[in-house]
Structures are given as structure tokens and as C-alpha cells.
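Summary of structural features
This is what each chain is made of:
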4 protein chains.
Amino acid sequence: MAQKTLNVMFIGDVVGTPGLQMVGRMLKSFISKYHVDFVVCNGENAHHGKGMSLEALNQLLEAGVNVVTGGNHTWSNFNFFDTLKTHPQVLRPLNYPKGTYGKGYAIYKLPNGLGDIAVVNLQGRTFMYSIDCPFRTADWAIKQIKEQGKDKVRHIFVDIHAEATAEKIALGWYLDGKVSAVIGTHTHVPTADERILPKGTGYCTDAGMTGPHNSVIGMQIKSATDRMLYQTPHKYECAEDDVHFSGVLLSMDVASGKTVGIQRIFYPEFDRGVIQG
Amino acid sequence: MAQKTLNVMFIGDVVGTPGLQMVGRMLKSFISKYHVDFVVCNGENAHHGKGMSLEALNQLLEAGVNVVTGGNHTWSNFNFFDTLKTHPQVLRPLNYPKGTYGKGYAIYKLPNGLGDIAVVNLQGRTFMYSIDCPFRTADWAIKQIKEQGKDKVRHIFVDIHAEATAEKIALGWYLDGKVSAVIGTHTHVPTADERILPKGTGYCTDAGMTGPHNSVIGMQIKSATDRMLYQTPHKYECAEDDVHFSGVLLSMDVASGKTVGIQRIFYPEFDRGVIQG
Amino acid sequence: MAQKTLNVMFIGDVVGTPGLQMVGRMLKSFISKYHVDFVVCNGENAHHGKGMSLEALNQLLEAGVNVVTGGNHTWSNFNFFDTLKTHPQVLRPLNYPKGTYGKGYAIYKLPNGLGDIAVVNLQGRTFMYSIDCPFRTADWAIKQIKEQGKDKVRHIFVDIHAEATAEKIALGWYLDGKVSAVIGTHTHVPTADERILPKGTGYCTDAGMTGPHNSVIGMQIKSATDRMLYQTPHKYECAEDDVHFSGVLLSMDVASGKTVGIQRIFYPEFDRGVIQG
Amino acid sequence: MAQKTLNVMFIGDVVGTPGLQMVGRMLKSFISKYHVDFVVCNGENAHHGKGMSLEALNQLLEAGVNVVTGGNHTWSNFNFFDTLKTHPQVLRPLNYPKGTYGKGYAIYKLPNGLGDIAVVNLQGRTFMYSIDCPFRTADWAIKQIKEQGKDKVRHIFVDIHAEATAEKIALGWYLDGKVSAVIGTHTHVPTADERILPKGTGYCTDAGMTGPHNSVIGMQIKSATDRMLYQTPHKYECAEDDVHFSGVLLSMDVASGKTVGIQRIFYPEFDRGVIQG
Ligand SMILES: [Fe+2]
Ligand SMILES: [Fe+2]
Ligand SMILES: [Fe+2]
Ligand SMILES: [Fe+2]
Ligand SMILES: [Fe+2]
Ligand SMILES: [Fe+2]
Ligand SMILES: [Fe+2]
Ligand SMILES: [Fe+2]
């Protein structure tokens, strides 16, 4: 019997070696446990917390990741630019201006005769760089995908890398019914608002950080706090401890491309004690 | 037998009449169900989505709220300034500069002989206004509370109203062990990172929004999206539909003031479908 | 004998009734004194300090202005939007996204058989709204102007409305040799860097404010200072006193369109006392 | 006969080796020509365009500078922090938070029995870091100076390093009559609004840049423009050509400390051609 749903795992910003190791350690068991068909992972912080590297990319691919998306930190490691230009499994936000290295969307073949999936990487502008409009760019990408992919692309996954919740939510509504899922990245904190929007798009404001949580969004606590206390530069140092895997799992209907199930994956769980009553 | 834990409910940014009605409809049942002793509620958007009003304040107090905190939108309704100056149950972020109306922390008597609780309202600065340092202001407030409250104030609750996850997380670590809880507001999206930090402080980056979720953080979708599409002003109009209650429930040890249980409350749940497998 | 140079007067942001009155009182004498052929004026603050109005527009046109440019405050007065759509002599920054009311460049007939002049209004993005790229938009506009205007448009005047000096200067260099002049607005302070760039483009970072200088960029001193002291909203109130005219005068070669003379006009001069020696 | 006025030269942001060489080449002739008694110089960009160094400091002092002020770029060269802590002639903005290296004001002995002068370095917050309030910090510094300096400090010079014109102008009005002069830095463009405010304070929004003007505020044109075109990082490279000296000269009454003459110094002048008429 033909498989009726496609299961997609999205992994939130992987931070540094601790994050890479966690993906290496856990991803295959999650793929098996949840029958995951395709894995997308945001890697903008995989290279020691800032940017990407070929080595980090290879580690992610070996761990089972199919496509690596990026964000503002994609540009932090100049040595990665060549890989960005040539490697088919790496994306950077599509709405960087014309002339920027790399590509922002691509169509990938799914296993098991499930057809194709398009992955689109976008970046917000509120409190961030003044790049092209993510809304109009999304419209353009969908049109391209439909033209290029013909009937085979029923699934479109969007990683919206943005700071402001309003911008991500507005994009979710804007794309509801036009894409399979809109999942946010960049804040490094998982949000609890995963849902299926009325027209069938899976949405979550942020997939959270896969990396060291004894930290301030991946950075050692003292350096991060000193930046705020003194408002002067303090060297970025990647944290190491309390590593968690953070992502979002989606089941998409193969026939329609719509999301029929969405669930956050955070492992291991934080200590929450017990509410007394 | 003396009660050993104090249960505190914190309600995330209440937006407009829909949010006020939801608090009015649900809070008492939650108080009963979870044995809540004390309720703090962020009200910066209670007055039609922007600012506070005496009417909204009274509705919240009648619904069972004990203290109403604020944020950047506290200043959006000029008519509320008198109430801000005089009403004992209203706070605004403490780290607004000297000379600003209102107060930013206060000590309140708990029921059932549980002693006193201090509530401190702070605001972040990243991507926000250049007000006083929230870290140093927190230290100052704790010192004041200890001096004023003597042995009776074992519980300190902090609402950190901020945009950037890094700033909220850094404050959580900075205050771990010094206060009972640090819970964030302002982004209107609940985060799934509620936890008990190593030294006993309950922490959650954002308590989310109590209000209409068929919206962009409470605003009608079209107006909000138009602001982003055209980068020009579009009138704020409060949304109305898909109203949810969003907050965080904490159990604190009465003897030590430490948090022993933390749980998000989001009601009703979003539609998440079912993961296939 | 045919006139060999075109004299263009550009008037910096006109603020409120005091600014409008100053233009009405002085412009005609400047036109006469300096043999001005064409007058462009930034009017984004003409309507009581915020936005434009049909009444303010008519006052400027009667005073001798030929074209009124805008900026971020163009959108502050909703009542002006119809005029923006229909009136041939009003521009708003061209690089607002597609779908925005009004137009951002136009070609105007010059007097005395001097051919045509194009006026292009652009806005920066650093510390401002995330609109389209002003550099690429300028290229596009120049191409349109060349196509539409054929040989008759030898002069192109650019008002770059921006906050950051770096963005304005970069645009000046980018357009050197492609347009007759790039003059900045928005900061309300005249800069002393007027110059002719190597390829013949007249450049000045800011043309300054025509309006009340007993103020903080046109606003009453106390309100403006209170905003900074308290970081809370304080009502905008337009100042009234110490009104000065501030602009830039350019002589352009009629045959080539290049600038051959540039001079700031600030009237009356500020009190500067005397350096002792 | 006793000297009745004190002449103070303030040099705007010195950028890189070209800027240092220009100061070395010209300052002594200006000191002689204008009878300058005291020289203050903003050096935040002296070290290859970003930050300060001991070597750059020594070059400035040898050239005739008495005090070197700073700004946001003071922190760009970590190797300078020791000098910042110990060297009496180096200042950094005073309103950086408590615990920051270095000092933000000092009292210096004037030559020729003219008494003492205090130099205060402040930084704005609009579009910059969230440091302490520059207005309140200025009040505090003036109080300290009066207490420490007794009757001998009649002159107070303020360098306000800030982005927004509104913040600098507001500070000028706020300090009018309380200090001898408020001169701005940071934008690297000289403003033409030098004036004597009603109560005797010399004011100018920006003293401009002493450095290479075939550049974008000191940076090579291509790198600077690429940053704006692509919104990605491009290496800072200091420009080299078209070096100008930019500063402000003030005559202050020795008895009252008030400014009696203010004049911009920009050398050599830019090419402005000739207005035709
Ligand atoms: Fe990230
Ligand atoms: Fe990011
Ligand atoms: Fe809010
Ligand atoms: Fe808020
Ligand atoms: Fe303006
Ligand atoms: Fe403006
Ligand atoms: Fe500088
Ligand atoms: Fe600076």
C-alpha cells in the first residue's frame, strides 16, 4: 500500500560542536522512532556557534540531515562561501539581494516514491538586515517551484529565520494553504505555539536551539551577560553544557501536501518539578 | 497543617476586550483547579490592544487578578497615568528612568498566612527603549525588598518584558537563586522552555498572549501584514477571534521561596492534528 | 544667446507653519537674486511638523516651488494620500514597495527652452524602514528616465532622505557621473560637506531644515528632551521661534547636466561671535 | 596684560594613518595661526579606522593634542584597554555603565595661567548602545567638576558622540549656560550649524572627520557600498585618499567660561565650483 503521509523533521539552530554531536547521537533514533522521511536542519551556528563550515555540513549530512538552511550567521565564516555556492544541500535565506552567494530554495527528491519536496529559506527584516521582502519573495519562490517542479512538488517547507514574532506569524498566515509548513528559527528558544493553520499549513514560531542550554542562546553566560551589563564587545565563546535537541516534527498528507500533524521534539526535557495542589 | 507551597499564576499579555473576557471567564476555574494563591497578569495591551485603562484594571481585579504588570505599551493610553500613579495594584517596568510615573515593584500580602510576595516588573533594552539597566535595577529592587520586607518576603516574582530571548535568558541566569521566578512577556508567543534553573528560580522566556490568536500578536492580520508589505503606517485594529488563555503556573516552596514546579497553561489547545507513523 | 547653466534651488525639510511662512517670505527673492530656474523642496514636515497636506502643498507651489519631495513622514497625515496619488508635483520616496500610493520620480519641463529635468526621491534604510534598495532603485529610475525622456532629460536631481551619513555618501559616489546632484534630507541639520564629486555630481549630505531652530529638529525643546529623559511618549508640538531658511543652490551645465557650482543657503546666519586672536 | 580669551581647537574623528598624518602635518600651524591654547581630539578611529592604540595616542600627543576623546569604537581594539585605564590624557564616553574601563571626564591645567578646563566625553543612545542617560550623566559630571575644581574650572568642553541629530541638539539646549561648549562627533560629516546658544554655550552638531574623504566615512568606497548592496559583512578597509582636516575652533571668555566665537575649520576646502548667475 502506498505511503499516505510524509514525515518531515526540522531541527532548530544547531550550535557548535555540542549541537553537532547531539544531532549525530540522536537523529537516527528519531528518524527510526518517528518514521521520518526527510530532515531539514538550520545550521547557521554549527561552526563554533557562528556560521557554517564544510566540516560541520558533512557531519550534519552523515547524521541523516537532507538539507541545511541558514540565516544571518551564514555569512559569519568567510571560508564557507565556496561551499555555499556549489553544494546542492545548503541553502541561505532566499531574500538576500541579487548578487549574494548561494541559493535560497531548491527542490529535492523524496524517498519511497513520495515525489519531490521544495525547501525555502527566508529571513525576516524587523530588527535585522534590510534585505528583500520575505512575503513577496515567498510568492516568487512558490511560483518558480510550481513551474519547475510541475506536479511532482506537492510539499513546500519554509524556514523563516527572524527575530520578531509578528513577522513570523504574519508570514504563516500569508502562506497558509500555499505551503506545507512555515517554521521559524533564529531566537534559539522553542515556542509552544505549534499548530495547523486553517488551510492546512503547519506553523511554529521557533523550533528552538539544538545545542548547549547552560548558556545564553548558545553563548557562555558570563560573556553574554557582560555584553549587556557593559554594552561593550566581549568575545563570543560557545557554551558546552546541558545540550538538548530541539526541533519540530510534521506529518504531511502526500496527496495534498497539507500538514496533518505537528509536534515539538525537545530532548531531554528540562527539569520542571511538579505543581503542588 | 500549614500550607507548604504557594501557587502563583502568571497571565501573559492580555489583549483587548477578547482577552479581558477570557480572563473573566476562565481565571476563577483555574484558581480553583490549581489551588492558585496569587495571580499576576501583564496588562499592557488590555485597553483595546494598546495600553491600560481603569476600566480594564477593574475587570482584571474582579476576575481574580492580584497585581497587574506593564511594559512599553503602558504609556500608550495617556488617560491611565493618574491610575498608574495612585493604584497599589498596578506596576510598570521599574527600570524606566527616575521621574517616570508609577512604581515598578511592590510587596503584597499573601493569603492563608503565607507571608508576603514581592512583584518586580522589568523591561529589556535590546530592540527597545534605552532605559536603565534591568540587571542592576533587579539587584537594587531585591535589596530594597529585603530591607523593607524583613523576613516576611520569601517570594519574589519578576516579569521581564523584553523582545530579545538573549536578554531574558541572561536575566534568568543572573537572578537564579535570588528570586522565585523570572517570567518573560512582550512577544505574545508562549515559549516552551519553562524550567527550574539550578538554584531554584522558575524561568520561562515568554508567557504568551491571552487574547485573539486569529491575528498577528493580537492585531488584525491584514493591517499587520500591510505594515510589513508596505512599511507604512496602518491603523492598529484589535483582532477578535480564536481567543486563548496563556500563562504560567508556579509552585513555590513557602519556606525557601524556591520554585518546585512550573507548568504552562494554554487554553484551549491549538489544533495540532496527529503525527502519523 | 542661449542660457548655459541651469540654476536649481533645493530647500531642506520645511517644518510646519513657521517653515511654510519662511519659504513664502524668502523664496522669490532668492529666485531673483540667484537666477533660480527650478525649485525642489522637501515637504515631509510641512503639515504642522508631521506629514503633508493639500493646503501646505498649495502654499509651497504659490511660493515658487516646482516639485515637493517627501520622506518617512509623508505617511503621517492620512488625509494627504489622495493628493499623493493624483498631484503631478508631489513625490514620495521611490523605493517604497510596489503598491504604495504616489510616485517617486517624474520628469518636468524646464523654463527658457532648457529641456527637461527629472527629480528622483529616494529613502535610506539604515535606522529606518526596510524598503527597497535605494541603489538599485536609483539605477532603475535612471534607466526609465533615459528611455522616457530621450535626449531632452540631461538633468537628474536626487533627494536622498536618510538618517545615516554613510548611506548618503555611498549613494553619492554610486551615482557620481550618472545624475546631476544627490542632496540629502531628514536629519534637519545642514552639513558643510557640499562638493562636486570627480565625475560632476553635486553632493551634500543634508540640506538642513527650513523652520524653527529654537527647537530640537523642529519640535518644542521640552517635549523632545522629555522623550529622551524618560523614554516615554510625549506629544509632538511644533516649535515656532528662530526660523531659518536652509537649502542648497546648484548650477548645472545645460549641455552635460553636470554640476559646476554648489553653495549652501542658510538665512539668516546663526550667531557665531568672533574668534579672538 | 592678562589673556582674556581661551582658544580651544576640537578635532573631529581622526581616521587611520591618513588622519594621524594630517594632524601631524597641520595642527601646529593651526595652533600658531589661531593662537590655540588647548586641543581636544576625538580618536576613536585613529587605529587603522577602528579603535585606538598607544602608538596612535602618542602620535596625537606629539602633534600637539592635549586630550583624546573616544566613542563606540574605543572598544574595537582590545589591546588599548590598559592604556585606557592608566593614561591621563585619554577619555572614553563617561556614560558607559559602572565597571567599564577608563574614565569619561577629567580636569586639565591650562597654559598661561588660564586656570583649568574640564573635558567631558558623552555618548548618545539613539540608534546606539543602551548606556546610561547622557543628560543625567552630564549633570552629575558638572557637579563633580565644580566640587573638585573649585573656582579654577571655568571652562567645560563636552564631546557628544552620537548618531541622531535630535539627541545632540537636545543636549546642547540642556547644557546651554552650564558648559562652555557642546560639540558632536561620530557621523564623520561636519555640520554647518555651529552657533552660540543664547546662554553662551558654543554648539555644533558634528565636527566632521579628519581623514580620507575619498571614502564612505573613512572606509573604502567599494566595501562600504557592498555592505549596503548585499547586507552581508564585507571587511573594513581604511581609505587613503583626499585627506582633509576637520574641526571646530572656539574662543571662550576666560572670566565667564562662555563661548564668544565659534568657527569650523575644514582644510583643504572641497571643490565647489562657482554658482553662475
Ligand atoms: Fe541561530
Ligand atoms: Fe540567526
Ligand atoms: Fe504586549
Ligand atoms: Fe510590550
Ligand atoms: Fe524631516
Ligand atoms: Fe524624515
Ligand atoms: Fe568615528
Ligand atoms: Fe563613533
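All figures in this text were calculated on a predicted structure; none of them were measured in a lab.

Analysis parameters
Residues numbered from 1 in each chain as written. Chains lettered and ligands numbered in written order. Predicted model: local features only at pLDDT ≥ 70, side-chain atom pairs only at ≥ 80, totals over all residues. Heavy atoms only, no water. Pairing = 2+ DSSP bridges. Helix = DSSP H or I, 4+ residues; strand = E, 2+ residues; numbered from the N terminus. Contact = heavy atoms within 4.5 Å. Axes fitted to C-alpha atoms, helices over the stretch in contact; angles between N-to-C directions. Donors = N, O, S within 2.8 Å, 3.2 Å for Na, K, Ca; no water. Tetrahedral: all angles 85-135°; square planar, octahedral: opposite > 155°, others 65-115°. UniProt positions renumbered as here; feature names shortened; annotations may be inferred. Buried < 20%, exposed > 50% of the residue type's maximum accessible area, 1.4 Å probe, protein only. Buried area = accessible area lost by both parts, 1.4 Å probe. Salt bridge = Lys/Arg side-chain N within 4 Å of Asp/Glu carboxyl O. Polar contact = N/O pair within 3.5 Å; in protein donor to acceptor, adjacent residues only side chain to side chain. Least-squares fit on C-alpha atoms with pLDDT ≥ 70 in both. Expected span 1.5 Å × (residues − 1). Left-handed = near helix turned anticlockwise from the far one by under 90°. Phe/Tyr/Trp six-rings, centres within 6.5 Å; stacked < 30°, edge-to-face > 60°. Right-handed = clockwise from strand over helix to strand, strands pointing away.

Residue and element names in this part refer to chain B. Strand order in the open sheet formed by six strands is S4-S5-S6-S7-S9-S8, and the pairing between neighbours is mixed. For this open sheet the edge positions go to strand S4 (105-109) and strand S8 (195-196), each flanked by a neighbour on one side alone. With five bridges joining them, strand S6 (residues 153-161) and strand S7 (residues 181-185) adopt parallel strand pairing. Counterpart to His-161 in the pairing with S7 is Thr-185. Its contacts with the sheet put helix H5 (residues 165-175) on strand S5 (116-123), S6, S7, S8 and strand S9 (202-204), and the angle it makes with S7 is roughly 170°.

Before going further, it helps to examine the coordination of the iron ion (ligand 2). All names here are of chain A. Coordination of the iron ion (ligand 2) by the protein is provided by Glu-44 (OE), Asn-72 (OD1), His-161 (NE2) and His-186 (ND1), with metal-donor distances spanning 2.1 Å. Seen from the iron ion (ligand 2), its four donor atoms lie at angles of 84 to 142°, and the figure they make is irregular. Donor residues binding the iron ion (ligand 2) come from one chain and are separated in sequence as E-x27-N-x88-H-x24-H. The distance between the iron ion (ligand 2) and the iron ion (ligand 1) comes to 3.6 Å, and Glu-44 binds to both of them. Here Asn-72, found in the loop between strand S3 (67-69) and helix H3 (81-86), pairs with His-161, found in strand S6 (residues 153-161); they are 89 residues apart in sequence, far enough to count as distant.

A word on the UniProt feature "active site" (unreviewed entry) in chain A. All names here are of chain A. With numbering matched to this structure, UniProt assigns "active site" (unreviewed entry) to His-73. Within the fold, His-73 resides in the loop between S3 and H3. The class of His-73 is partly exposed, set by a relative accessible area of 22%. Setting aside its immediate chain neighbours within four residues, His-73 contacts Glu-44, Asn-45, Lys-50 and Gly-51.

Time to look at the interface of chain D and chain C. By a widely used convention, the size of an interface equals the accessible area lost when the partners come together. Of the residues lining the interface, 56 residues belong to chain D; the matching set on chain C comes to 56 residues. Carbon and sulfur atoms supply 62% of the area buried between chain D and chain C, which totals about 4700 Å² over both sides. On the chain D side of the interface with chain C, the three residues burying the most area are Met-228, Arg-272 and Ile-275 of chain D, jointly 14% of the side's total. At the boundary of chain D and chain C, one finds four salt bridges. Scanning the region where chain D abuts chain C turns up 28 residue pairs in polar contact (both at pLDDT 80 or more). If you list the elements that add at least two residues to the side of chain D that touches chain C, you get strand S1 (5-11), helix H4 (134-149), helix H5 (165-175), strand S8 (195-196), helix H6 (221-230), strand S11 (243-253) and strand S12 (259-267) of chain D. Examining the composition of the side of chain D that touches chain C, we find that seven residues originate from one element, H5 of chain D, more than from any other.

After a rotation of 180° and a shift along the axis of 0.0 Å, chain B superposes on chain A with an RMSD of 0.0 Å. Within this description, the copies of the chain are treated as partners about a two-fold rotation axis. Every residue of chain B has its C-alpha some distance from the rotation axis, and the shortest such distance is that of Thr-191 of chain B, at 2.0 Å. Residue by residue, 100% of the interface of chain B is reproduced at the interface of chain A, so both copies engage with the same surface.

Here we come to the interface of chain B and chain A. With 56 residues of chain B at the contact, the number on the chain A side is 56 residues. Buried surface at the junction of chain B and chain A, summed over both partners, amounts to about 4700 Å²; 62% is from carbon and sulfur atoms. Looking at the side of chain B facing chain A, the largest losses of area belong to Met-228, Arg-272 and Ile-275 of chain B, adding up to 14% of the total buried there. Remark: the boundary between chain B and chain A carries four salt bridges. For the salt bridge of Glu-194 of chain A with Arg-272 of chain B, the shortest nitrogen-to-oxygen distance reads 3.3 Å. Remark: the boundary between chain B and chain A carries 28 residue pairs in polar contact (both at pLDDT 80 or more). Contributions of two or more residues to the side of chain B that touches chain A are made by strand S1 (5-11), helix H4 (134-149), H5, S8, helix H6 (221-230), strand S11 (243-253) and strand S12 (259-267) of chain B.

Its 16 residues give H4 of chain D an end-to-end C-alpha distance of 21 Å, which sits within 8% of 22 Å, the value for a rise of 1.5 Å per residue. When we look at burial in H4 of chain D, the residues that qualify are Pro-134, Phe-135, Thr-137, Ala-138, Ala-141, Ile-142, Gln-144, Ile-145 and Gly-149 of chain D. Looking at the buried side of H4 of chain D, the elements it contacts are helix H6 (221-230) of chain C together with strand S4 (105-109), strand S5 (116-123), strand S6 (153-161) and H5 of chain D. Where H4 of chain D ends, the next residue or the one after it, Lys-150 of chain D, has phi of about 50°, a positive value.

Moving on, we come to the coordination of the iron ion (ligand 7). Every protein donor of the iron ion (ligand 7) is accounted for by Asp-13 of chain D (OD), Glu-44 of chain D (OE), Asn-45 of chain D (OD1) and His-188 of chain D (NE2), and the metal-donor separations fall at 2.1 to 2.2 Å. Bound by four donor atoms, the iron ion (ligand 7) shows angles of 89 to 165° at the metal and therefore irregular coordination geometry.

Below, the discussion takes up the packing of H4 of chain D against H5 of chain D. All names here are of chain D. Relative orientation of the contacting elements H4 and H5 amounts to 35°, with a least axis distance of 10 Å. Handedness of the H4/H5 crossing: right-handed. Contact residues: Pro-134, Phe-135, Ala-138, Asp-139 and Ile-142 in H4; Glu-167, Ala-170, Leu-171, Tyr-174 and Leu-175 in H5.

A separate point is the packing of aromatic side chains. One pair of aromatic rings is described through two measures. These are the centre distance and the angle between the planes. Residue and element names in this part refer to chain D. All chains considered together, the criterion is met by 50 aromatic pairs over all chains. Relative to Tyr-174, the ring of Phe-135 lies with its centre 5.1 Å away and its plane at 90°, an arrangement referred to as edge-to-face. Of the two residues, Phe-135 sits in helix H4 while Tyr-174 sits in helix H5, which places them 39 residues apart along the sequence. What makes Phe-135 buried here is its relative accessible area of 1%.

On to the pairing of S7 of chain B, then. All names here are of chain B. Of all five residues in S7, five are buried, a share of seventy percent or more. Residues Ala-181, Ile-183 and Thr-185 line one face of S7 and the alternating positions Val-182 and Gly-184 line the opposite face, and both faces are buried. As for the winding sense of the linkage, the β-α-β connection from S6 through H5 to S7 is right-handed. Sheet topology places S7 next to S9; three bridges connect them, and they run parallel. Bridging across to S9, Ala-181 finds its partner in Gly-202.

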